[in-house]
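# Tertiary structure, described
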Number of protein chains: 2
Amino acid sequence: MITIKDIAQISGYSISTVSRVINNRSDVSEKAREKIESIIREQNYQPNENARMLKQNISSDISVIVRGSKSIFLESILEEVQIRMGKHGENINVHFIAETDDEVATAVQVGQTLKPKGFIFLGGSADHFREEFSQISLPSVLVTVDAADFGYDNLSSFTTDDEEAAACAVNMLLKQGHRRIGILGGYLSDRSGEFEDNYRTLRIRGAVKELEKHGIRFDFEKDYEPCAFSAESAFPAADKLLRRSPDLTAIFALNDAVAVGAIRAFRDMGLDVPRGISVVGFNGVSYVRYLNPRLATIRQDTAKLARKSVDDLLLRISYGSPAIHEKIPYEYFGGESTAPPSK
Amino acid sequence: MITIKDIAQISGYSISTVSRVINNRSDVSEKAREKIESIIREQNYQPNENARMLKQNISSDISVIVRGSKSIFLESILEEVQIRMGKHGENINVHFIAETDDEVATAVQVGQTLKPKGFIFLGGSADHFREEFSQISLPSVLVTVDAADFGYDNLSSFTTDDEEAAACAVNMLLKQGHRRIGILGGYLSDRSGEFEDNYRTLRIRGAVKELEKHGIRFDFEKDYEPCAFSAESAFPAADKLLRRSPDLTAIFALNDAVAVGAIRAFRDMGLDVPRGISVVGFNGVSYVRYLNPRLATIRQDTAKLARKSVDDLLLRISYGSPAIHEKIPYEYFGGESTAPPSK
DNA sequence: AACGTTTCTGTAAACGTTTTCATCAAGTAT
DNA sequence: ATACTTGATGAAAACGTTTACAGAAACGTT
C-alpha cells in the first residue's frame, strides 16, 4: 500500500508538505505543488480515509436517517439523494428506522459512533424534532417536514406545502360538483389523538379546511378511514369506508398507492372509476399516468426535493451558510379518475 | 470524548487489557473482564471506529454497488438489503453507477479508498464479471446474475432462474392458445450484438426457447422491440411494436413497469387488454395485483433474495465459509391481463 | 549590515486503537 | 529446590494522517 510517506520520499519533500498539497493549503510553493501532484497522480495514491478521520475526529460520511420507509415516495427521494451525493463524491450511510422509533435519538447515537459531518432526515415527524433536536449540533436537513419555526440554525427543511396541495386536490373535486368527499389513509396516534405524522396531518387538515371553506363539515367518524400508505392496506380500508358511507361520490387518497388500492376495491364492488366514484391521489409517483384509469394526483418533484436538500447540506457543511426553509412547488395532474358526480 | 485510555485509567487496568476485553479475546481473567465491561457500560464508551480501522487497515463497512437502478425491482432489493444490514448492525455504503459503467472497476476503486469488508453487486452484468472479477479479493455477492460457473471462490450469487421463469410466463400464453407472441423490453448491445445485460438475455432466451420448443420461430426483426425498464419508455415502444406487427395476440413484457406502459399504449390504440391483446409482465412488484386489469406476472421474492445475500455475505466475512450459488424460487401469478386470443 | 517580514519547509507530537513482545506470578513436574 | 509451562498483564510500537511549532531562505527596509 502506498502512503503519504512514499510520496514524500519519491518527491524529496517532507510528509507535511505533501499533506499540505493534499489538503489544498495555500502555503506551498508552486513548484512543490506541481511536482507532488504529478507524483500523486502517477502513483495513483489515495490518502487513507481512516487516518484522516482519526486525526480530525470526524468521518467524511453523511448519515441519512429514513423513518417509516416502505413508501415509493420516500424511496424515490432516497434514491435521488444517493445519486446526487454520489455525484458530489460524498459517501452516505443510510439508517432505516421504524415508524415508531425516535429519529433524533437514533441520530445522536449514530453521531457518536460514525461521526458524520451532517444529517439528512427523511420522513421524520414534527413531534420528535421540535423538542429534541437541540441535542444535534451537526448541519442537518429535514426533508418532508417544515422546520421553519423550530428555531434551530443548523436545521434546514425542504417540503412541499402539503396542506395547500391537499386543498388544491380537494378543490378540484369540489369544482366538479362533489359534495360528499371521503378521505382515505394515514392514521390517528394512540397517545395524543392528534395525527401522528406531520405531513399526514397537513394533508388531512388542508383537505378538511378546503371543505369547510365551501361550507361542508367533514365528519371524521363517517367519512375518514385510516390505513397504511400501500395498496395492500388501502384495499380493505376503501371497501370499509364506502360500505359505511355509500353516498360518497369522491375519495381523496393520501397517496397514490392508497389510490391504486382504493380503485381496485371500488371496481371489485362493481363501481366504475370515475363514473361510479371519483378518486384523487397524492404524490405523483412516476407510473400514475400509465394506470387505467390515469390517476388524478398531486405531483411533487421528488428529484428537486432531494437535490435541494443535498446541495443545501453540502453548502452548509463547507461554508457554514445559514439554514434555510423552502417549499418545493407541486402541481395538480388531472387524470381520468375523476368526473362530476352522477348521484 | 471518552477513550480506551479513560477506561483503562478508571478500571486500573492497562490499555491493552481493555482492548482485549473489547475484542473479546480469551486471554483475560474473568475478574478483569467483568470489571472493565461494567465500566464500559456505565461510561457509555464507544470505541473509535476510525482508530480501529486505521490500525486494522479495513473499514467495517460493506459496499453495495448498484448498476442501472431506476427500476422498482432493484430498488426493492436494495431496500431490503439496507434494512437487513441495519438489523445486523452493519454499515453499508451504496454506490449507484450508470448502466454503462463497469461495476468491477468501480468496486476496485471503492475498495482502495473505503476498504469495505465485502461487496454486494446489484444489477450487474455477466460480461464484466467473468473476466475482471479476479481483481477483487474481498467476499462478494452477485445478486441477479448467476456466477456459479465463473470459478471464483469469493463470489456467491443469488438469482432467480430468469430463463426458466420467462419460459414459464411464455408457456402460460402458449397454453391459452397464443402463437403470435411479441417481446418487449431490454436492448441489444452495440458492441457485441449480444444482449448487454445478463438477466435480460436470460429472459429473452428463455422466452424464445420456449417458443421454439413449440415449433414457433421467433422473428427478432418483427416481434421484438427494445426499451428501458420503465412505463415511460415502454409506452412508445409498445405502440411501435404493435403497429409493425399488428397480428400479435400477446406480449411478454420483460418487467412490470414495461407491462404497465404497454397496456396503457394498447388501450390508447383502442385495444382492450386482455380481450384485444394479452400482456404478461415479470418481477411481481407489489402493486400489480391492484392494477386494472390485474397484471399476470412472474413473482420473485425480492425480500428473500436480499436476505439470503446479506446473510451469506456476513457469514462468509466472519467465518470464511465457502461461496455458494443459489436460485430463489419464483411463481407465476395469474392476473386478468391474459386471455385466449380472439383473432 | 542588521533587522523584520514573508514564504516555504521540516520535525515531531498527536489522534485512539491493536498487537507484539516481555514480564511476572502461579502452578506443575521433576 | 529447580526448571518448565501456563495465564494474565502491561509497555511500547505501529497504523497514516494532520498540525503546531520552529527553522531556513529570500527579500525589503532602515
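Residues numbered from 1 in each chain as written. Chains lettered and ligands numbered in written order. Predicted model: local features only at pLDDT ≥ 70, side-chain atom pairs only at ≥ 80, totals over all residues. Heavy atoms only, no water.

### Here's the deal with the packing of helix H11 (residues 231-244) of chain B against helix H12 (residues 256-268) of chain B
Residue and element names in this part refer to chain B. Short version of the rule: Axis definition: a line fit to C-alpha positions, over the contact stretch in the case of helices; interaxial angles, taken between N-to-C directions, run 0 to 180 degrees. The helix count covers DSSP runs of H or I at least four residues long, the strand count covers runs of E at least two residues long, and both are numbered beginning at the N terminus. We call two directions roughly parallel when the angle between them is under 35 degrees, roughly antiparallel when it is over 145, roughly perpendicular when it lies between 65 and 115, and oblique otherwise. The sense of a crossing depends on the near helix, which, turned anticlockwise from the far helix by less than a right angle, makes the crossing left-handed and, turned clockwise, makes it right-handed. In this description, contact between two residues means that some pair of their heavy atoms is separated by no more than 4.5 Å. Amino acid classes used here: Ala, Val, Leu, Ile, Met, Phe, Trp, Tyr, Cys and Pro are nonpolar; Asp, Glu, Lys and Arg are charged; the rest, including Gly, are polar.
Taken N-terminus to C-terminus, the directions of H11 and H12 make an angle of 50°; their axes are 7 Å apart at the nearest point. With respect to each other, H11 and H12 are oriented oblique. By crossing handedness, the relation of H11 to H12 is classed as right-handed. Here Ala-231, Ala-234, Phe-235, Ala-238, Asp-239 and Leu-242 of H11 lie close against H12, whose contacting residues are Ala-257, Val-258, Val-260, Gly-261, Ala-262, Arg-264, Ala-265, Phe-266 and Asp-268. A class-by-class count of the residues in the contact of H11 with H12 yields 11 nonpolar, one polar and three charged.

### Topic: the sheet that holds strand S8 (residues 250-253) of chain A
Residue and element names in this part refer to chain A. Put simply, the rule is: Whether two strands pair comes down to DSSP finding at least two bridges between them.
Reading across the sheet, the four strands line up as S7-S6-S8-S9 and stay open at both edges, with parallel pairing between neighbours. Two strands close off the open sheet at either side, each with one partner strand: strand S7 (224-225) and strand S9 (278-280). Alignment of strand S6 (residues 181-184) against S7, held across two bridges, turns out to be parallel. Looking at the pairing, Ile-183 lines up with Tyr-224 of S7.

### Remarks on helix H3 (residues 30-43) of chain A
All names here are of chain A. Where we set the bar: Helix span, as expected, comes to 1.5 Å for every residue beyond the first. Using a 1.4 Å probe on the protein chains alone, a residue whose accessible area is under 20% of its type maximum counts as buried, one over 50% counts as exposed, and one in between counts as partly exposed. Note: the arc covers the axis-to-C-beta directions of the helix.
Counted at 1.5 Å a residue, the expected span for H3 with its 14 residues is 20 Å, and the 20 Å between its end C-alpha atoms agrees. The complete set of buried residues in H3 reads Ala-32, Arg-33, Ile-36, Ile-39 and Ile-40. One side of H3 holds all its buried residues, which, seen down the axis, span an arc of 140°. Structural note: H3 exposes Glu-30, Lys-31, Glu-34, Arg-41 and Glu-42 on the side pointing more than 90 degrees away from its buried face. Residues of H3 that are buried in the fold lie against helix H1 (4-11) and helix H2 (15-22). Once H3 finishes, Asn-44 follows within two positions and takes phi at roughly 55°, a positive value.

### As for the environment of Leu-74 of chain A
Within the element layout of this structure, Leu-74 of chain A appears in helix H5 (residues 72-87). When its relative accessible area of 3% is taken as the criterion, Leu-74 of chain A is described as buried.

### Quick word on the domain arrangement of chain A
Put simply, the rule reads: Each domain's extent was defined by an automatic or database domain assignment.
Domain annotation of chain A identifies domain 1 (4-47), domain 2 (61-159 + 302-328) and domain 3 (162-300). Computed from C-alpha atoms alone, the centre-to-centre distance between domain 1 of chain A and domain 3 of chain A is 62 Å.

### Section: the relation of the copies chain B and chain A
Going by this rule: Copies are brought into register by a least-squares superposition over C-alpha atoms of residues with pLDDT of at least 70 in both.
Superposition of chain B onto chain A requires a rotation of 180° combined with a translation of 0.2 Å along the rotation axis, giving an RMSD of 0.3 Å. The relationship between the two copies is best expressed as a two-fold rotation axis. Mapped onto chain A, 100% of the interface residues of chain B are again interface residues, and the two copies thus contact each other with one and the same surface.

### Side note on the protein's contact with DNA strand C
Under the convention used in this document: One heavy atom suffices: a residue is near a molecule or strand as soon as one of its heavy atoms comes within 4 Å of it. Here a polar contact is taken to be a pair of N or O atoms separated by no more than 3.5 Å, where protein atoms must pair a possible hydrogen donor with a possible acceptor and residues adjacent in sequence count only if both atoms sit in side chains.
Residues in close proximity to DNA strand C total 27 residues, the closest being Ser-14 and Ser-16 of chain A together with Ser-19, Arg-25 and Tyr-45 of chain B. Put simply, 59% of the atoms of DNA strand C that lie within 4 Å of the protein are in sugar or phosphate. Between DNA strand C and Arg-25 of chain B there is a distance of 2.7 Å, counted from a phosphate oxygen to a side-chain nitrogen or oxygen. One of the side-chain N or O atoms of Tyr-45 of chain B is found 2.7 Å from a phosphate oxygen in DNA strand C. The biggest single contributor to the surface near DNA strand C is helix H4 (residues 49-56) of chain B, with four residues. By residue class, the composition of the surface near DNA strand C is 10 nonpolar, 11 polar and six charged.

### A word on the packing of aromatic side chains
Residue and element names in this part refer to chain A. Quick note on the threshold: Aromatic contacts are taken between Phe, Tyr and Trp rings whose centres are within 6.5 Å, Trp giving its six-membered ring; a plane angle under 30 degrees counts as stacked, one over 60 as edge-to-face, and the others as tilted. Counting as a charge over the ring demands two things of the Lys NZ or Arg CZ atom: a distance within 6 Å of the ring centre and an angle within 35 degrees of the ring normal.
Taken as a whole and judged by the stated rule, the model has 18 aromatic pairs over all chains. Aromatic rings pair up to connect Phe-119, Phe-121, Phe-129, Phe-133 and Tyr-152 into one cluster. Positioned above the aromatic ring of Phe-333 is the side chain of Arg-299, whose terminal nitrogen or guanidinium carbon lies 4.6 Å from the ring centre.

### With respect to the protein's contact with DNA strand D
What surrounds DNA strand D is a group of 27 residues, the closest being Ile-4, Ser-19 and Tyr-45 of chain A together with Ser-14 and Arg-20 of chain B. When the atoms of DNA strand D within 4 Å of the protein are sorted by group, sugar and phosphate make up 59%. Contacts to DNA strand D include Asn-48 of chain A, whose backbone N or O atom sits 3.1 Å from a phosphate oxygen. When residues of the surface near DNA strand D are traced back to their parent elements, those giving at least two are H2 and helix H4 (49-56) of chain A together with helix H2 (15-22) and H4 of chain B. Here the surface near DNA strand D is composed, by residue class, of 10 nonpolar, 11 polar and six charged.

### A short note on the side chain of Ser-309 of chain B
Residue and element names in this part refer to chain B. Checked against the element boundaries, Ser-309 lands in helix H13 (residues 302-319). The class of Ser-309 is buried, set by a relative accessible area of 0%. Excluding residues that lie within four positions of it along the chain, Ser-309 makes contacts with Val-141, Val-143 and Phe-158.

### Side note on the sheet that holds strand S8 (residues 250-253) of chain B
Residue and element names in this part refer to chain B. Spatially, S7-S6-S8-S9 is the arrangement adopted by the four strands of the open sheet, whose pairing is parallel. Looking at strand neighbours, the two that pair on one side only are strand S7 (224-225) and strand S9 (278-280), the edges of this open sheet. Helix H8 (residues 162-175) contacts strand S6 (181-184), S8 and S9 of the sheet and is inclined by roughly 165° relative to S8.

### Brief notes about the interface of chain B and chain A
Size of an interface, as often reported, equals the accessible area lost when the parts are brought together. Test applied: As a working definition, buried area equals the accessible area (1.4 Å probe) given up by two parts on being put together, with both sides summed. Here a salt bridge means any side-chain nitrogen of Lys or Arg lying within 4 Å of a carboxyl oxygen belonging to Asp or Glu.
Each partner contributes to the interface: chain B provides 47 residues, whereas chain A provides 47 residues. For the chain B and chain A pair, buried surface summed over both sides reaches about 4100 Å², with 50% attributable to carbon and sulfur atoms. Here chain B and chain A share four salt bridges between them. Measuring nitrogen to oxygen at the nearest pair gives 3.0 Å for the salt bridge that ties Arg-294 of chain A to Asp-268 of chain B. Tallied by class, residues from the side of chain B that touches chain A come to 18 nonpolar, 15 polar and 14 charged.

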